[in-house]
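Commentary on secondary and tertiary structure
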Amino acid sequence: MTLTQVIVLALVQGLTEFLPISSSGHLILTPYFLGWSDQGLAFDVAVHLGTLFAVVAYFRRDLLDMAGAGISVLTGGPVTQSARMLMWVIIATIPAGMIGLLFSGFIETSMRSPFVIAMTTIG
């Protein structure tokens, strides 16, 4: 993988992550349409981690408020809006994590094709 490919795919990830379109799908479609080989799941995870670090940095105050509220609730404090938000984030994360763990091999081998991306986008 060339430095140009890394830069292009990192830009695609950064520009599409917060739009109501699939940044993961675009990471698969971009190399397909440019005639590059698939960069693999490890690279996709790396650019998603970069996005995660950026989001955590941006929302650090909110995340610290949520963590503090969660600790407060665990030690007998009141349930605040931040504590409720933390609870919902945890609850929403559980199904995605379970699916990722259960189907990681299948996702890596069978779900990284332009055809699958097109069909799921249409669906």
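About the cut-offs
- Residues numbered from 1 in each chain as written.
- Predicted model: local features only at pLDDT ≥ 70, side-chain atom pairs only at ≥ 80, totals over all residues.
- Heavy atoms only, no water.
- Helix = DSSP H or I, 4+ residues; strand = E, 2+ residues; numbered from the N terminus.
- Contact = heavy atoms within 4.5 Å.
- Polar contact = N/O pair within 3.5 Å; in protein donor to acceptor, adjacent residues only side chain to side chain.
- Phe/Tyr/Trp six-rings, centres within 6.5 Å; stacked < 30°, edge-to-face > 60°.
- Buried < 20%, exposed > 50% of the residue type's maximum accessible area, 1.4 Å probe, protein only.
- Axes fitted to C-alpha atoms, helices over the stretch in contact; angles between N-to-C directions.
- Parallel < 35°, antiparallel > 145°, perpendicular 65-115°, else oblique.
- Left-handed = near helix turned anticlockwise from the far one by under 90°.

As a further point, take the environment of Arg112. Along the chain, the position of Arg112 falls in the loop between helix H5 (81-110) and helix H6 (114-122). Between the alpha carbons of Arg112 and Leu27 there is a distance of 9.6 Å; along the sequence they are 85 residues apart. Ignoring anything within four residues of it in the chain, the contact list for Arg112 reads Ile28, Asp38, Gln39, Gly40, Leu41, Asp44 and Ile107. Looking at Arg112, its side chain comes within polar contact range of the side chain of Asp44, at 2.6 Å.

Counted according to the given criterion, the structure contains two aromatic pairs. On the basis of an interplanar angle of 75 degrees and a centroid distance of 5.3 Å, the ring pair of Tyr32 and Phe33 is categorised as edge-to-face. Given the relative accessible area of 64%, Phe33 is considered exposed. Aromatic side chains Tyr58 and Phe59 sit 4.9 Å apart centroid to centroid with 85 degrees between the ring planes, which places their arrangement in the edge-to-face category. A relative accessible area of 65% places Tyr58 in the exposed class. With a relative accessible area of 37%, Phe59 lands in the partly exposed category.

A word on the packing of helix H1 (residues 3-16) against helix H3 (residues 41-58). At a closest axis distance of 10 Å, the pairing of H1 and H3 adopts a crossing angle of 50 degrees. Between H1 and H3, the angle is such that the two are oblique. Where H1 crosses over H3, the two elements pack in a sense that is right-handed. Contacts from Val6, Leu9, Ala10 and Gln13 in H1 reach Phe43, Val47, His48 and Thr51 in H3.

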